[in-house]
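Chains, contacts and geometry: an overview
One-letter residues, chain by chain:
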Amino acid sequence: MAAAEQSVSAAGAPTFAARHLGYETGEPLLRIDRLYFDGEDTPVELAVSYFDPEHYSYGVKLRRRSP
């Protein structure tokens with residue numbers, strides 16, 4: 001893997017995730033999709049994960065570059 005793109009969104013809990021996280025099917029969870037790329041920028045894997053929103057936090061640092 002040479003690179004990855006990640007997106008974070010809210011989604012209704014699918015049955016398999018709800019069962020493991022102690023939620024009802026359809027209740028809101030955090031969904032994280034990670035698309036991995038090889039050295040030639042070809043997508044090689046998509047990983048989809050669900051998280052309990054009460055036990056997950058996400059932080060990012062944004063910067064502006066001078067022209």
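What comes next is a walk through the structure. (Residues numbered from 1 in each chain as written. Predicted model: local features only at pLDDT ≥ 70, side-chain atom pairs only at ≥ 80, totals over all residues. Heavy atoms only, no water.)

**Topic: the pattern of salt bridges**
- One pass over the full model with this rule turns up one salt bridge.
- A salt bridge links R31 to D33, with the nearest nitrogen and oxygen atoms 2.8 Å apart.
- In this structure R31 comes out as partly exposed when scored by relative accessible area, which is 26%. (Salt bridge = Lys/Arg side-chain N within 4 Å of Asp/Glu carboxyl O. Buried < 20%, exposed > 50% of the residue type's maximum accessible area, 1.4 Å probe, protein only.)

**Describing the side chain of D52**
- Relative to the helices and strands, D52 is located in the segment after β3 (43–51).
- A polar atom in the side chain of D52 sits 2.7 Å from the side chain of Y23.
- One polar contact links the side chain of D52 to the main-chain amide nitrogen of E54, over a distance of 2.8 Å. (Helix = DSSP H or I, 4+ residues; strand = E, 2+ residues; numbered from the N terminus. Polar contact = N/O pair within 3.5 Å; in protein donor to acceptor, adjacent residues only side chain to side chain.)

**Regarding the packing of aromatic side chains**
- This structure, assessed with the given rule, holds two aromatic pairs.
- Measuring from ring centre to ring centre gives 5.9 Å for F16 and Y50, while their planes differ by 80°; the resulting arrangement is edge-to-face. In this pair, F16 is assigned in helix α1 (residues 15–21) and Y50 in strand β3, connecting sequence segments 34 residues apart.
- Taking relative accessible area as the criterion, F16 reaches 48% and is therefore assigned partly exposed.
- For Y50, a relative accessible area of 18% corresponds to the buried category. (Phe/Tyr/Trp six-rings, centres within 6.5 Å; stacked < 30°, edge-to-face > 60°.)

**Here we look at the environment of F51**
- Note that F51 resides in strand β3.
- Between the C-alpha atoms of F51 and I32, which are 19 residues apart in sequence, the distance is 8.0 Å.
- When sequence neighbours within four positions are dropped, the list of residues in contact with F51 reads L21, L29, L30, I32 and Y56. (Contact = heavy atoms within 4.5 Å.)

**Comments concerning the sheet that holds strand β1 (residues 3–12)**
- Judged by pairing direction, the sheet is antiparallel, and its three strands sit side by side in the order β1-β2-β3 without closing on themselves. Looking at which strands have only one partner, the edges of the open sheet turn out to be β1 and β3. Averaged over all neighbouring strand pairs, the angle between strand axes comes to 15°, with direction disregarded.
- Relative to strand β2 (residues 28–37), β1 is paired through ten bridges, and the arrangement is antiparallel. Across the sheet, Q6 pairs through a bridge with R34, a residue of β2. (Pairing = 2+ DSSP bridges. Axes fitted to C-alpha atoms, helices over the stretch in contact; angles between N-to-C directions.)

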